[in-house]
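Coordinates in review
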Amino acid sequence: MVSPIARLGSTQNDRDPVAGLSDRYANGLPSATAIANLKRDGYNELPSTQARSLLSIAWDSIQDPIFLLLVGGGIIYWILGDLQEALILLGFVVFLTAISLYQEGKTEHALEALRDLSSPRALVIRDGKRKRIAGREVVRDDILMLAEGDRVPADAIVLSCTNLSTDESLLTGESLPVRKIAAVGDVEMPRPGGDELPFVYSGTLVVQGQGIVKVRSIGTQTEMGKIGNALQKVQPEVTPLQREMNRLVSRLFGIALALCVAIVVIYGATTGDWLKGVLAGITLAMAILPNEFPVVVTIFLALGAWRISQNHVLARRTSAVETVGSATVLCVDKTGTLTLNQMAVQQLFAYNRPENPQPYDLALHSQVPLPESVHELVEFCILASQRDPFDPMEKAFKELGNYSLAGTEHLHNDWKLLREYPLSPQLLAMSHVWQSADGKQYEIAAKGAPEAIADLCHFTPQQQQILTAQVSEMAAQGLRVLGVAKASLLDAPPPFLPPHPVLTPEHLPDKQHDFPFQFLGLVGLSDPVRPTVAAAIQECHTAGIRVVMITGDYPETAQTIARQVGLQTGDTITGAELDGMSDTELQQRIQNTSIFARAVPEQKLRIVNALKDKGEVVAMTGDGVNDAPALKAAQIGIAMGQRGTDVARESAALVLLDDDFSSIVQAVKLGRRIFDNLRKAMSYLIAIHIPIAGMSLIPVLFKLPLVLLPIHVAFLHLIIDPACSIVLEAEPAEANVMQRPPRNPKEPLFGKKTLGLALLQGGGILVIILTVFAIATYRKQGELDVRALTFTTLIIANLGLILSEGSTSRLSLKILKSPNPALWWVIGGGVFFMAIVLYVPFLRDLFSFSFLHSIDLAICFGSGAVSLLWFELLKQTTKRDLR
């Protein structure tokens, strides 16, 4: 393939693009002026944010109450002599701090990625010579030379161009390249978007043609720079779960410390046995110190991020794993998210049967060969395109030809291109003149706007009317419509044909109108919808998630895509209308709006903020640079991993690794499951700590023998810790997880109903254990007998509680059938270790137990069965609502 530089030196028209420019521009910018401009305006790059050091990020992390709690708990256990527990907690501090350092460090790269994208290499004219320089060294008033495949390094005005088109989808969201024209005079630079603008913009891609441009804006003054400024000002929010956990653990930590000190003082003052008082304080501290809460949240979110990654979604911030399950609105960028962001031929309308012309829809005939009636239409679409195309539409023609015309006489890879007639503002059509391999055949292929091709074919008014109706019908389906025509010189020799058989470019006319064109038909192209999108959007609707399309494309195209994917129709607001609205009016209309068309980056950010102000939890998908501020502002920013830009990925909380919209639905489902299971785990922790704290506190207050010693509480934690962090985390989703609306974002993790149920569960266990304790004490059994009976009953009741918490709807015995191996390991392990503690003499003495007989075990298991029945009764009567 010819390099961009070579093409600029010698075009197919044998015309240097610099030729024809006034002397003012032909020599470019003097080097001295360029140096002066560079000193005055600075480099053509976005300013770096003040880089945060690792020490600064670490300091911010350890100020989090959850980290302070872990550090405080570790110090207390160290002082109390439990070195193992202290080291475990302090190990979690190091682990969590390392995760925070990694995650925060990744977010610091967002603006750096934007800077890299906005600073490509550039070919400039300075001192009359062409020079390749770094994009950051481009200055205002530089003369740039652009060619197909180049990344535009700065915002610039077009001085001269040949068939120039650019892909501005990263700034505007438009799915199609836009045509550029040369400026006439000194005109004001508008916002990007739409055809026939004499401006190119930093970060966009030249997909066709070539041009000479003059730089107007660099760095932060470009459209790309404005996005960078907006991105720099957006700060990620603390999630509701983070706020609630901070508040909860802070309160529990204070209560736990106060009770521990009080129990030591009360027991020591009332009995005079300060040693046992300290022992009781240690036991109570181990029983109620809420160190599991931050650990469980961390494990749930970490394992949740791993589970979501199995569904091709990468969590860049673990907090988003839970938040995505509470999303109420999903803001979707059309291009590249709902669609594939690649053009494909959808309809062929061949005019070789004028008595009965019918469009041929490729989507309806994908499994059958292309009929002969449309072969010539596809053949001349390819001949009217570049041999190695860069333009998305020309790529679509070539792909269709390679797939459908392989092995036919309609592909001409050995033909020679004699001349190209480019698009012009006066005639939106281009033509290629080809010579066959044997030199005996000359064919001209033309494609362009249907009205321009009709003009080339000299249509009558009646023919024009028929054509306009057909074009309108195809455009209403969201298709980009092109006309195609051909001319064969030897079939109808024009006056300019030379007498000798060899035709050269010098013999060809200056205008396309001089060829005897014959109209072949229309071609309809579309940006295909992703095949999984319709089902995913339907599942979002079922789950009560509202889907809003935000796109830079035209309203008609957006509405067509919305119909294809089953997006619920509502109002459509354009960017121009949005600019004329106040924030109050926007909040009123946004509730009934499903499509925002022709939206620019600042407007996307405004829409997201308006939804957040209405109390919505907003998930925003996107892949372009223009999506970055909105991705960062939304509670859940979701970027495309394959087609997305680095800026979008670095700004988002979640990244779709396969760019499949349906993966978002799986992420939402997993997010809801994670929150449900997290709530179960927290309820379990609260419930099980009530009997532990009660049996640590009541004997002290009533001067009875101590039932629980530190070793007993440590043994309980061998069951409690894996139960709340592994067993309940692995529980499958509830059957109705995607048939219910999102939970109220203002609803706390522990609502009155959830907390009340946990208290009733824990209180029930405490009553049953106290009953066993009272009966054993009343029968004047020894302290070792009382302790063994009471502790065994507590273990069995705890295992029953784990079974009950596994589901809010299924009965406990049915939970045993669920595919959760961790549940069997914990229950089986608990029973096994309890058995060896009771019946291995060394361990029995270590735990201060006596030998339990069959009648004793029957009492323990019977009491455990009563507690399980109590849990099931509560489950059926309260019917806890997890929404």
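Computed from a prediction, not measured in an experiment: that's the story for all the values here.

Once that is clear, we can look at the overall build of the protein. From N to C terminus, the protein includes 33 helices and 22 strands. Within the protein, the fraction of its 883 residues that count as buried is 56%. In the protein, the share of contacts with a sequence separation of at least 24, taken over all contacts with a separation of at least 6, comes to 74%. Here the protein displays about 37,000 Å² of accessible surface, and carbon together with sulfur accounts for 59% of that area.

Turning next to the nonpolar core. Residues Leu330, Phe661, Tyr684 and Ile802 are the most contacted members of the largest nonpolar core, which totals 101 residues. If one sorts the elements of this core by residue count, helix 26 (residues 662–701) sits on top with 16 residues. When near neighbours in sequence (up to four residues on either side) are disregarded, Leu330 contacts Cys540, Ile545, Arg546, Val547, Val548, Ala619, Thr621, Ile638, Phe661 and Ile664.

Spatial ordering of the open sheet is given by 8-22-21-20-9-17-19-18, a layout of 8 strands whose pairing is mixed. Edge positions in the sheet fall to strand 8 (313–315) and strand 18 (571–574), since each of these pairs with one other strand and no more. For this sheet the average axis-to-axis angle between neighbouring strands, irrespective of direction, equals 20°. Seen against the sheet, helix 20 (residues 555–565) touches strand 17 (546–550), strand 18 and strand 19 (593–597) and runs at an angle of roughly 140° to strand 19.

On the basis of which strands lie adjacent, the open sheet formed by 7 strands has the order 11-10-16-15-14-13-12 and antiparallel pairing. Each of the sheet's edge strands pairs with one partner strand only, and the pair in question is strand 11 (360–361) and strand 12 (416–421). Contacts between helix 15 (residues 375–383) and the sheet are confined to strand 10 (344–350), strand 13 (429–435), strand 14 (442–448), strand 15 (480–488) and strand 16 (518–526), with strand 16 contributing the most and set at about 80° to the helix. Helix 16 (residues 392–404) contacts strand 10, strand 13, strand 14, strand 15 and strand 16 of the sheet and is inclined by roughly 75° relative to strand 10.

Any pair of aromatic rings gets described here by the distance separating the centres and the angle formed by the planes. Within the structure shown, the criterion is met by 9 aromatic pairs. Measuring from ring centre to ring centre gives 5.1 Å for Tyr839 and Phe851, while their planes differ by 75°; the resulting arrangement is edge-to-face. Remark: Phe851 occurs in the loop between helix 32 (841–846) and helix 33 (854–878) and Tyr839 occurs in helix 31 (residues 821–839); sequence separation between them is 12 residues. Using a relative accessible area of 31% as the deciding quantity, one classes Tyr839 as partly exposed. When its relative accessible area of 42% is taken as the criterion, Phe851 is described as partly exposed. What links up through ring pairs into an aromatic cluster is the set Phe349, Tyr351, Phe459 and Phe519. One Lys or Arg, Arg136, reaches over the ring of Tyr43 and ends 3.8 Å from the middle of that ring.

In this section: a nonpolar patch on the surface. A cluster of nonpolar side chains, namely Ile266, Leu701 and Phe702, defines an oily patch on the protein surface of about 300 Å² accessible area. As for its position among the elements, Ile266 is in helix 10 (residues 240–271). For Ile266, a relative accessible area of 35% gives the class partly exposed.

Its location among the elements puts His412 in the loop between helix 16 and strand 12. Excluding residues that lie within four positions of it along the chain, His412 makes contacts with Glu379, Leu383 and Arg387.

Bringing the environment of Gln538 into the picture now. Note that Gln538 resides in helix 19 (residues 533–542). Gln538 sits in the partly exposed class, given a relative accessible area of 48%.

Between two packed helices, the angle of one axis relative to the other and the distance separating the axes together describe the packing. As a packed pair, helix 15 and helix 16 sit with axes 9 Å apart at the nearest point and diverge in direction by 135°. In this view, helix 15 runs oblique relative to helix 16, as classed from their interaxial angle. Judged by the twist between their axes, the crossing of helix 15 over helix 16 is left-handed. For the pair helix 15 and helix 16, contact is made by Val378, Cys381 and Ile382 and by Phe397, Lys398, Leu400 and Gly401, respectively.

It is worth spelling out the confidence of the model for the protein at this point. Taken over all residues, the pLDDT of the protein has a mean of 78, while the share at 70 or more is 77%. Low pLDDT, under 50, characterises residues 1–20; the stretch is placed with 39 contacts to residues that sit more than four places away or in other chains.

Attention now goes to the pattern of salt bridges. Following the criterion strictly, the structure yields 12 salt bridges and no others. With a shortest N-O distance of 2.5 Å, Lys486 and Glu376 are connected by a salt bridge. Pair noted here: Lys486 is in strand 15 and Glu376 is in helix 15, with a separation of 110 residues, a long-range link. For Lys486, a relative accessible area of 17% translates into the label buried. When the shortest N-O distance is used, the salt bridge between Asp583 and Arg606 registers 3.1 Å.

On to helix 26, then. The first and last C-alpha atoms of helix 26 sit 58 Å apart over 40 residues, in line with the 58 Å expected at 1.5 Å per residue. Most of helix 26 is tucked away: 33 of the 40 residues are buried. Count one or two residues on from helix 26 and you reach Lys703, which has phi positive near 55°.

The first and last C-alpha atoms of helix 16 sit 18 Å apart over 13 residues, in line with the 18 Å expected at 1.5 Å per residue. Taken as a whole, helix 16 has its buried residues at Met393, Glu394, Ala396, Phe397, Leu400, Gly401 and Ser404. The buried residues of helix 16 occupy one face: seen down the axis, they fall within an arc of 155°. Summarising the geometry of helix 16, the exposed residues directed more than 90 degrees from the buried face are Glu399 and Tyr403.

In this structure, Asp141 takes a positive phi of about 75° despite not being glycine. What makes Asp141 partly exposed here is its relative accessible area of 32%. Positive phi values are uncommon outside glycine, yet Asn163 reaches one of about 55°.

Pairing of strand 1 (residues 121–126) with strand 2 (residues 129–134) involves 6 bridges; the strand directions are antiparallel. By the bridge assignment, Arg126 is partnered in strand 2 with Lys129. From the end of strand 1 to the start of strand 2, which pair antiparallel, there are 2 residues, and Asp127 there has a positive phi angle of about 55°.

Rules and cut-offs
Residues numbered from 1 in each chain as written. Predicted model: local features only at pLDDT ≥ 70, side-chain atom pairs only at ≥ 80, totals over all residues. Heavy atoms only, no water. Helix = DSSP H or I, 4+ residues; strand = E, 2+ residues; numbered from the N terminus. Buried < 20%, exposed > 50% of the residue type's maximum accessible area, 1.4 Å probe, protein only. Contact = heavy atoms within 4.5 Å. Areas by Shrake-Rupley, 256 points an atom, 1.4 Å probe, with all protein chains shown as cover. Core = buried A, V, L, I, M, F, W, Y, C linked by side-chain atoms within 4.5 Å. Pairing = 2+ DSSP bridges. Axes fitted to C-alpha atoms, helices over the stretch in contact; angles between N-to-C directions. Phe/Tyr/Trp six-rings, centres within 6.5 Å; stacked < 30°, edge-to-face > 60°. Lys NZ or Arg CZ within 6 Å of the ring centre and 35° of its normal. Patch = residues over 30% accessible without salt bridge, like charges linked within 9 Å, V, L, I, M, F, W, Y side chains within 5 Å. Salt bridge = Lys/Arg side-chain N within 4 Å of Asp/Glu carboxyl O. Parallel < 35°, antiparallel > 145°, perpendicular 65-115°, else oblique. Left-handed = near helix turned anticlockwise from the far one by under 90°. pLDDT = per-residue confidence, 0-100. Expected span 1.5 Å × (residues − 1). Arc of directions from axis to C-beta.

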